[in-house]
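If you want the building blocks of each chain, they are given just below.
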Amino acid sequence: MYKHLFSDMDNTLLRTDGSFSEENARVIKQTNLPFTLVSARAPMEMDFVLNKLKLSNPQIAFNGALIYRQLGTQREVLYSQPLQPSDFTKLMAVIKAYPEISLTWYDANNWYAFKQDEGTAYETSITHLEPTLVTEADLKSLTGPSYKFMLICFDLEVLGKLKAALLALGLANVSIVNSNPTYIEITHKDATKANAIAHVQTAEKITKDQLMAFGDGENDLPMLTAVGTAVVVANASAKIKQVADFISKSNDEDGVAYAIKKLILDTEL
């Protein structure tokens, strides 16, 4: 019997245009099970789903760097693992040497950038949020913990060179990964979806076989292997499908709802 469901957002729970379908919402509510978003997104980019589902159980942002509970307009922080300030400074210095890169970063409540560009415009088209524009002089006044760099570049050669330069820093407490071919996301090395799920699992005293997760991307692999039943949507790559216990329909065909109906609600399809 399943006791908790976990789901990636982009290209899994959400359609390609970033929308959250009525069918996915209806079926998730029908389970009456705790449902946790496990996303690379920031909390403010997750709010529209939490509000629609009226979720008050733990949610996982920044790939596991922040676990929180939404209580009305307030967030109760349950776990926090931001980037270390010294690592943030070293990373920023390298990234700024690549002007072709769309450089953005997050604290718990804000998405920051130095300028609007092709990358921020693309991300805004997905999340419908605008970055807060700051200057380099403003950095000293931004005292809140920074959870994630998000770097976007549609020139894959340039992005590859930047990734190599960042890895060459040898920062032991930093994770530098491609969330898709045109995005690099940088978080603390302990900010993984598997670690975050383990935190929730321990708090709720439930076993691995009682957990189901839905995903599509390489950053979902730790999550999919941390649960008893791994559901992968049809639009995932062949590599991700190899770890699936069940391959559902695509994100644009409400694959999360389809899997829930098939595996949990036992609905005739």
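Calculation criteria
Residues numbered from 1 in each chain as written. Predicted model: local features only at pLDDT ≥ 70, side-chain atom pairs only at ≥ 80, totals over all residues. Heavy atoms only, no water. Helix = DSSP H or I, 4+ residues; strand = E, 2+ residues; numbered from the N terminus. Buried < 20%, exposed > 50% of the residue type's maximum accessible area, 1.4 Å probe, protein only. Contact = heavy atoms within 4.5 Å. Lys, Arg positive; Asp, Glu negative; His and termini not counted. Charge placed at Lys NZ, Arg CZ, Asp CG, Glu CD. Polar contact = N/O pair within 3.5 Å; in protein donor to acceptor, adjacent residues only side chain to side chain. Arc of directions from axis to C-beta. 1 Å grid on protein atoms, 1.4 Å probe; cavity = no way out; pocket = protein on both sides within 12 Å on 5 of 7 lines; lining within 4 Å. Points joined across faces, edges and corners; volume = space filled by probe spheres on them.

### Digging into the overall build of the protein chain
What the protein chain contains, in helices and strands, is 10 helices and 14 strands. With respect to the three principal axes, the spread of C-alpha positions in the protein chain is 60 × 35 × 35 Å. Counting every position in the protein chain, which comprises 269 residues, the buried fraction comes to 51%. In the protein chain, 55% of the contacts between residues at least 6 apart in sequence involve partners at least 24 apart. Once the 25 positive and 32 negative side-chain charges of the protein chain are each reduced to a mean point, those two points are 4 Å apart.

### Let's talk about the environment of Arg 75
By secondary structure assignment, the location of Arg 75 is in strand 5 (residues 74–80). Through-space distance from the C-alpha of Arg 75 to that of Thr 31 is 25 Å; in sequence the pair is 44 residues apart. Other than its neighbours up to four places away in sequence, Arg 75 contacts Pro 43, Met 44, Asp 47, Tyr 68, Arg 69, Gln 70, Ala 108 and Asn 109. At 3.3 Å, the side chain of Arg 75 and the side chain of Gln 70 are in polar contact.

### Some details on the side chain of Glu 123
Tracing the backbone through its elements, the reader meets Glu 123 in helix 5 (residues 118–127). Excluding its chain neighbours within four sequence positions, the residues that come into contact with Glu 123 are Glu 45, Tyr 106, Trp 111, His 128, Met 150, Ile 152 and Tyr 183.

### Some thoughts on helix 4 (residues 85–95)
Of the positions making up helix 4, those classed as buried are Asp 87, Phe 88, Leu 91, Met 92, Val 94 and Ile 95. For helix 4, the angular spread of the buried residues around the axis is 160°, confining them to a single face. Exposed residues pointing more than 90 degrees away from the buried face of helix 4 are listed as Pro 85 and Thr 89. Tucked inside the fold, the buried residues of helix 4 contact strand 6 (102–106), strand 9 (148–152), helix 6 (156–167), strand 10 (174–180) and strand 11 (183–188).

### Some thoughts on the layout of surface pockets
The volume enclosed by the largest pocket comes to roughly 540 Å³. Forming the walls of the largest pocket are 26 residues, and the residues nearest its centre are Asp 10, Asn 11, Ile 126, Ser 179 and Asn 180. Elements supplying a minimum of two residues to the lining of the largest pocket: helix 1 (9–13), helix 5, strand 9, strand 10 and strand 11. The biggest single contributor to the lining of the largest pocket is helix 5, with 4 residues.

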